[in-house]
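Examination of the molecular architecture
Here are the chains, one letter per residue:
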Amino acid sequence: MVNLTRIYTKTGDDGTTSLGDMSRTSKNDPRLEAYATVDEANSYIGVVLTVANLSDEVRKLLVRVQNDLFDVGADLCTPVVDSPQYEPLRVLESQVSYLEEQIDKYNAELSPLKSFVLPSGTPASAHLHVARTVVRRAERRTWQAIHAFGEGVNKLTAKYLNRLSDLLFVLARFENKSEGDQLWVPGKNR
């Protein structure tokens, strides 16, 4: 368990920060960009939980996702190395599979799509769409870190984020079930 006794350390005042293995890196490091954007996504899911009238089931799912996003962040901030001194927390395929199960479960209750969905509808749906876009950005930042550090970054983190953005899309549609989706009409206003 993490024990936070001091909030400020002043060690980052030189433009560097500690990774999970206690090595120092620039605050411009792609890994930091990735896990900071994961943190932003997690915070936005927190907004969803406070402003949206969600079912207990969806609320419970999103709280689980928030916890898993901390796992993703912990994974991204700890370089993958052979024989680490301490066993690092890593995202597992089972976490990705869980998201896929939830996507299938909620998507089964929705009508098939005939066009792209405009982010709108209920407040819950609109906020879930914003959370989805932040997660997509976190995924892109994660791929930048993977491209920069290769096998030093767990690729399952990117896979998890990809599935999470899909889940948030499905949940946004699920939250709009009573109103229906607002669909994109290509060239409608030309």
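Residues numbered from 1 in each chain as written. Predicted model: local features only at pLDDT ≥ 70, side-chain atom pairs only at ≥ 80, totals over all residues. Heavy atoms only, no water.

**Remarks on the packing of aromatic side chains**
If you walk through the whole model with that rule in mind, you get 2 aromatic pairs. Centroid distance Tyr-106 to Phe-174: 4.9 Å. Interplanar angle 80°. Geometry classified as edge-to-face. Of this pair, Tyr-106 sits in helix α3 (residues 93-107) while Phe-174 sits in helix α5 (residues 156-175), and the two are 68 residues apart along the sequence. The same class applies to Tyr-106 as to Phe-174, namely buried. Taking the centre distance of 5.8 Å and the plane angle of 50° together, the rings of Phe-116 and Trp-184 count as tilted. With a gap of 68 residues between them, Phe-116 in the loop between α3 and α4 (123-149) and Trp-184 in the segment after α5 connect regions that are remote in the sequence. With a relative accessible area of 61%, Phe-116 lands in the exposed category. Given a relative accessible area of 39%, Trp-184 falls into the partly exposed group. Above the ring of Tyr-98, the side-chain terminus of Arg-64 is found at 3.4 Å from the ring centroid. (Phe/Tyr/Trp six-rings, centres within 6.5 Å; stacked < 30°, edge-to-face > 60°. Helix = DSSP H or I, 4+ residues; strand = E, 2+ residues; numbered from the N terminus. Buried < 20%, exposed > 50% of the residue type's maximum accessible area, 1.4 Å probe, protein only. Lys NZ or Arg CZ within 6 Å of the ring centre and 35° of its normal.)

**So, the pattern of salt bridges**
Inspection of the entire model under this criterion finds 10 salt bridges. With a closest N to O distance of 2.7 Å, Asp-75 and Arg-90 form a salt bridge. Here Arg-90 lies in the loop between α2 (56-76) and α3 and Asp-75 lies in helix α2, a separation of 15 residues in the sequence. Note that Glu-100 is salt-bridged to Arg-163, the shortest N-O span being 2.9 Å. Here Glu-100, found in helix α3, pairs with Arg-163, found in helix α5; they are 63 residues apart in sequence, far enough to count as distant. By relative accessible area, Glu-100 is classed as partly exposed at 28%. One continuous salt-bridge network, built from bridges that share partners, spans Arg-136, Glu-139 and Asp-166. (Salt bridge = Lys/Arg side-chain N within 4 Å of Asp/Glu carboxyl O.)

**With respect to the environment of Tyr-44**
Mapping Tyr-44 onto the fold places it in helix α1 (residues 30-51). As for Tyr-44 and Gln-66, which are separated by 22 residues in sequence, their C-alpha atoms are 9.8 Å apart. Ignoring anything within four residues of it in the chain, the contact list for Tyr-44 reads His-127, Val-130 and Ala-131. (Contact = heavy atoms within 4.5 Å.)

Geometry only, nothing functional implied.
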